[in-house]
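# Fold and geometry: a report
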Amino acid sequence: MNIHEYQAKKLFEEYGIPCPKGAATSSSDEFEACIDSLGEGLVVVKSQIHAGGRGKGTFTDGFKGGVKLAKTKEEAIEYANKMLGNTLVTIQTGEAGRKVQTIYFTEGADIKKEYYLAVLLDRATSRPVIVASTEGGMDIETVAEETPDRIFKVFIDPAYGLADFQLRELVTKLGLSKLESKNAAKLIRNLYTMFWEKDADMIEINPLITTETEDVLALDAKVSFDSNALYRHPEIQALRDLNEEDPKEIEASKFDLSYIALDGSIACLVNGAGLAMSTMDIIQHFGGSPANFLDVGGGASKQQVIAAFKIILGDPNVKGIFVNIFGGIMDCDVIANGIVDAVKEVGLELPLVVRLEGNNVVAGRKTLDNSGLTIVTGSSMADAAEKIANLVA
Ligand code: GDP
Ligand code: MN
């Protein structure tokens, strides 16, 4: 689960991670009050969307920059009015962009030097890793490609936590002054504590900056949390912004289904991530392309299958449906009954190919055959995939 920068910075404050003072609002009536709550001087106006690269982004009406530095209050309000309600396209949003529904104003900081800092989970070592670089404010993937020697990593044994010597080594590599090192070490330790206590997936600060007064500040904040741990963090759940999520994903999560949108034309109802991957491969092998994946998981109920069908049919790009179920824990007849009920309830004008295999498959096939509906069945995964690919072609 992702949160906005302004929410992340509130957490930063709680954990003693210094960042510029800020104020957020979703209403243009409050712009002035937000700015007045900050100190004198430069004001940074920041579009709040769940995507990076805002500074270099462009709005769909041509206005440039989702992050702007303003010298006066009037200028800041002007920028904020251009951003609020406007759609921002960045390298991370895709062409459609994201509608800006909240503006965050911060005090402008005087940057001496920009750095990069992140804490995330390293899958190869199964450990948290701190990633830091002297090349801040730019795309970290580019740094990794062009100057990998300027990226430093510290792997943390979760049983021992972050050791002082690891911190010292890291700030030394960053080439900081004595006071900056002290400030940075404190910030990084607090950041790691937040990562650990809040079950974050990733915390990224780009840029982390030093100032002329040798302070170290987080100028940006991108934070995501492990969805599987949200049950123990109601305070984090409360930060969820449904405006930033695909309505179909929200609907799917209400029924404990996982939905992934893609850009093809064949909707896929499957059970299990592995089967989803192979379904995608085999559809492409036969010249088709998936519109989405709806994973009903290990033991779906009839209600879930009905909900799944409704979600799939809500996507206008869908030209055909492929149900590919391997009944391990799942009872194939439950799926078959779900399909029949769903089709009866929502109607179906699109071709539907079903491949069922495994637990109680004979009863499942019988349910489909006796339904009187035009459902094409496949004798194997390949046979079914070829049929649906041909039907939508
Ligand atoms: P992003 O583009 O989505 O990563 O948004 P950022 O919050 O990182 O802002 C984009 C850029 O604006 C940063 O990389 C900085 O160069 C610049 N910027 C942001 N805040 C300040 C500030 O307080 N002072 C100055 N001088 N530049 C800032
Ligand atoms: Mn940034």
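Moving on: the packing of helix 9 (residues 273-285) against helix 13 (residues 381-392). Packing of helix 9 against helix 13 leaves a shortest axis separation of 9 Å and a crossing angle of 55°. As far as their axial angle goes, helix 13 and helix 9 are oblique. Helix-helix and strand crossings are classified by hand; for helix 9 and helix 13 the assignment is right-handed. Facing Leu-275, Ser-278, Thr-279, Ile-282 and Ile-283 of helix 9, the residues of helix 13 in contact are Met-381, Ala-382 and Ala-385. Of the residues contributing to the contact of helix 9 with helix 13, the split by class is six nonpolar, two polar and no charged.

Here we take up the coordination of the manganese ion (ligand 2). In an ideal octahedron of six donors the angles at the metal are 90 or 180 degrees, and in an ideal tetrahedron of four donors they are 109.5 degrees. At this site the manganese ion (ligand 2) is bound by Asn-206 (O) and Asp-220 (OD), with donor distances of 2.1 to 2.2 Å. Highlighted residues: Asn-206 in strand 11 (residues 200-210) and Asp-220 in the loop between strand 12 (216-218) and strand 13 (222-225), separated in sequence by 14 residues. Across the pair, Asp-220 and Asn-206 agree in class, each one buried.

What follows covers the sheet that holds strand 14 (residues 258-261). Taken in spatial order, the six strands make up an open sheet running 14-16-15-17-18-19, and their pairing is mixed. Two strands lie at the open edges of the sheet, namely strand 14 and strand 19 (376-377), each paired on one side alone. Pairing between strand 14 and strand 16 (residues 290-295): four bridges, direction antiparallel. Counted as the bridge partner of Ser-258 is Asp-295 from strand 16. Strands in contact with helix 11 (residues 332-346) are strand 17 (320-327) and strand 18 (352-358); relative to strand 18, the strand with the most contacts, it is inclined by about 165°.

As a further point, take the site of ligand 1. Taken together, 17 residues form the shell around ligand 1, and within it Lys-46, Arg-54, Gly-55, Ala-109 and Asp-220 come nearest. A distance of 2.8 Å separates an oxygen atom of ligand 1 from a polar backbone atom of Ala-109. Taken by itself ligand 1 offers 560 Å² of open surface, and the protein chains cover 80% of this. Those elements that provide at least two residues to the shell around ligand 1 are strand 2 (43-47), strand 4 (67-70) and strand 11.

Take the pattern of salt bridges next. According to the stated counting rule, one finds 19 salt bridges in the structure shown. Notably, a salt bridge pairs Asp-199 with Arg-232, separated by 2.9 Å at the nearest N-O pair. Here the residue Asp-199 occupies a position in the loop between helix 6 (178-197) and strand 11, and Arg-232 occupies one in the loop between strand 13 and helix 7 (234-237), the gap between them amounting to 33 residues. Using a relative accessible area of 15% as the deciding quantity, one classes Asp-199 as buried. A cluster of three or more residues bridged by salt bridges with shared partners is formed by Glu-5, Lys-9, Lys-46, Arg-54 and Asp-220.

Strand order in the open sheet made by the four strands is 1-7-2-4, with antiparallel pairing throughout. Each edge of the sheet is formed by a strand with only one pairing partner; in this case those strands are strand 1 (22-25) and strand 4. Within the sheet, the average angular offset between the axes of one strand and its neighbour, ignoring direction, is 20°. Of the pairings in the sheet, the one linking strand 1 to strand 7 (residues 103-107) comprises four bridges and is antiparallel in character.

Thresholds, definitions, all that
- Residues numbered from 1 in each chain as written.
- Chains lettered and ligands numbered in written order.
- Predicted model: local features only at pLDDT ≥ 70, side-chain atom pairs only at ≥ 80, totals over all residues.
- Heavy atoms only, no water.
- Axes fitted to C-alpha atoms, helices over the stretch in contact; angles between N-to-C directions.
- Helix = DSSP H or I, 4+ residues; strand = E, 2+ residues; numbered from the N terminus.
- Parallel < 35°, antiparallel > 145°, perpendicular 65-115°, else oblique.
- Left-handed = near helix turned anticlockwise from the far one by under 90°.
- Contact = heavy atoms within 4.5 Å.
- Nonpolar A, V, L, I, M, F, W, Y, C, P; charged D, E, K, R; others polar.
- Donors = N, O, S within 2.8 Å, 3.2 Å for Na, K, Ca; no water.
- Buried < 20%, exposed > 50% of the residue type's maximum accessible area, 1.4 Å probe, protein only.
- Pairing = 2+ DSSP bridges.
- Near = heavy atom within 4 Å.
- Polar contact = N/O pair within 3.5 Å; in protein donor to acceptor, adjacent residues only side chain to side chain.
- Areas by Shrake-Rupley, 256 points an atom, 1.4 Å probe, with all protein chains shown as cover.
- Salt bridge = Lys/Arg side-chain N within 4 Å of Asp/Glu carboxyl O.

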